[in-house]
Amino acid sequence: MARVFISFAMEDRNLRDFLVGQKRNARTQIDFTDYSVKEPWSSSWKTNCRQRIKSCRGMIGIVTPNTPKADGQLWELKCAIEEGVPLMLIHGYSAPERKLATLPSVISGRQVNLWTEDNVVSFLNRLG
């Protein structure tokens, strides 16, 4: 089972909970260990978070309209990119009007996938 860091804006923690909950669904093939940060750490947050991200096989970034102003999430995404951790971005909402017209610079030019079981399973399978 792959250890995966889930990056999300704190305002979207319900989406993270939903993604984690999907793996408990008997019909799904999604299987991973959630290694996301659920609460901000003290002054050593970035050091601890970087270590946690580096110890994961991949990161799933949940992209919503909250992402551009989520400093912690943007830092996590940047850290994964800097550390060469495989990253899959997914839209937190499927409604087109809730998707971002422009992505924050840290993920600009990267594909944001639809949040489907097939997309998540395919990413997890590539992690090994």
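About the thresholds
- Residues numbered from 1 in each chain as written.
- Predicted model: local features only at pLDDT ≥ 70, side-chain atom pairs only at ≥ 80, totals over all residues.
- Heavy atoms only, no water.
- Salt bridge = Lys/Arg side-chain N within 4 Å of Asp/Glu carboxyl O.
- Buried < 20%, exposed > 50% of the residue type's maximum accessible area, 1.4 Å probe, protein only.
- Helix = DSSP H or I, 4+ residues; strand = E, 2+ residues; numbered from the N terminus.
- Core = buried A, V, L, I, M, F, W, Y, C linked by side-chain atoms within 4.5 Å.
- Contact = heavy atoms within 4.5 Å.
- Arc of directions from axis to C-beta.
- Polar contact = N/O pair within 3.5 Å; in protein donor to acceptor, adjacent residues only side chain to side chain.
- Pairing = 2+ DSSP bridges.
- pLDDT = per-residue confidence, 0-100.
- Right-handed = clockwise from strand over helix to strand, strands pointing away.

1. Some points on the pattern of salt bridges
Here comes step 1: Counting across every chain of the model gives four salt bridges.
Here comes step 2: We note a salt bridge from Arg16 to Asp17, for which the minimum N-O separation is 3.4 Å.
Here comes step 3: A relative accessible area of 44% places Asp17 in the partly exposed class.
Here comes step 4: Residue Glu82 pairs with Arg50 through a salt bridge whose shortest N-O separation is 3.0 Å. With Glu82 in helix 3 (residues 71-83) and Arg50 in helix 2 (residues 45-54), the pair connects residues that are 32 residues apart, well separated along the chain.

2. Some remarks on the nonpolar core
Here comes step 1: Core analysis: the largest hydrophobic core is formed by 17 residues, its most contacted members being Leu19, Ile60 and Ile62.
Here comes step 2: Ranked by residue count, the leading element in this core is helix 4 (residues 117-127), at four residues.
Here comes step 3: Dropping the residues within four chain positions of it, Ile62 is found in contact with Ile6, Ser7, Phe8, Leu15, Arg16, Leu19, Thr67, Gln73, Ile90, Gly92 and Trp115.
Here comes step 4: Cys56, Cys79, Leu87 and Val112 belong to the second-largest nonpolar core, a separate cluster that totals 16 residues.

3. Let's talk about helix 2
Here comes step 1: Along helix 2, the positions that sit buried rather than exposed are Trp45, Cys49 and Ile53. Projected down its long axis, helix 2 shows its buried positions confined to an angular sector of 60°, all on one face.
Here comes step 2: Against strand 1 (2-7), strand 3 (58-63) and helix 3 lie the buried residues of helix 2.

4. Digging into the environment of Phe5
Here comes step 1: Note that Phe5 resides in strand 1.
Here comes step 2: Between the alpha carbons of Phe5 and Ile53 there is a distance of 6.2 Å; along the sequence they are 48 residues apart.

5. Points about the side chain of Thr64
Here comes step 1: If you trace the backbone, Thr64 turns up in the loop between strand 3 and helix 3.
Here comes step 2: On the basis of relative accessible area, Thr64 is assigned to the buried category, the value being 1%.
Here comes step 3: Of note is the side chain of Thr64, whose polar atom sits 2.4 Å from the side chain of Asp12.

6. Details of the pairing of strand 1
Here comes step 1: Most of strand 1 is tucked away, with five of its six residues classed as buried.
Here comes step 2: Direction of pairing for strand 1 relative to strand 3: parallel, over a ladder of four bridges. Residue pairing across strands places Val4 opposite Gly58, the latter belonging to strand 3.

7. Some remarks on the confidence of the model for the protein
Here comes step 1: Of all residues in the protein, 83% have pLDDT values of 70 or greater, and the mean over the chain is 84.
Here comes step 2: Ranking the elements of the protein by mean pLDDT puts strand 2 (residues 32-34) last, at 70, and strand 4 (residues 87-91) first, at 95.

8. Some remarks on the pairing of strand 3
Here comes step 1: By the criterion of burial, strand 3 is predominantly enclosed, with six of the six residues buried.
Here comes step 2: Read from strand 3 through helix 3 to strand 4, the crossover connection turns out right-handed.

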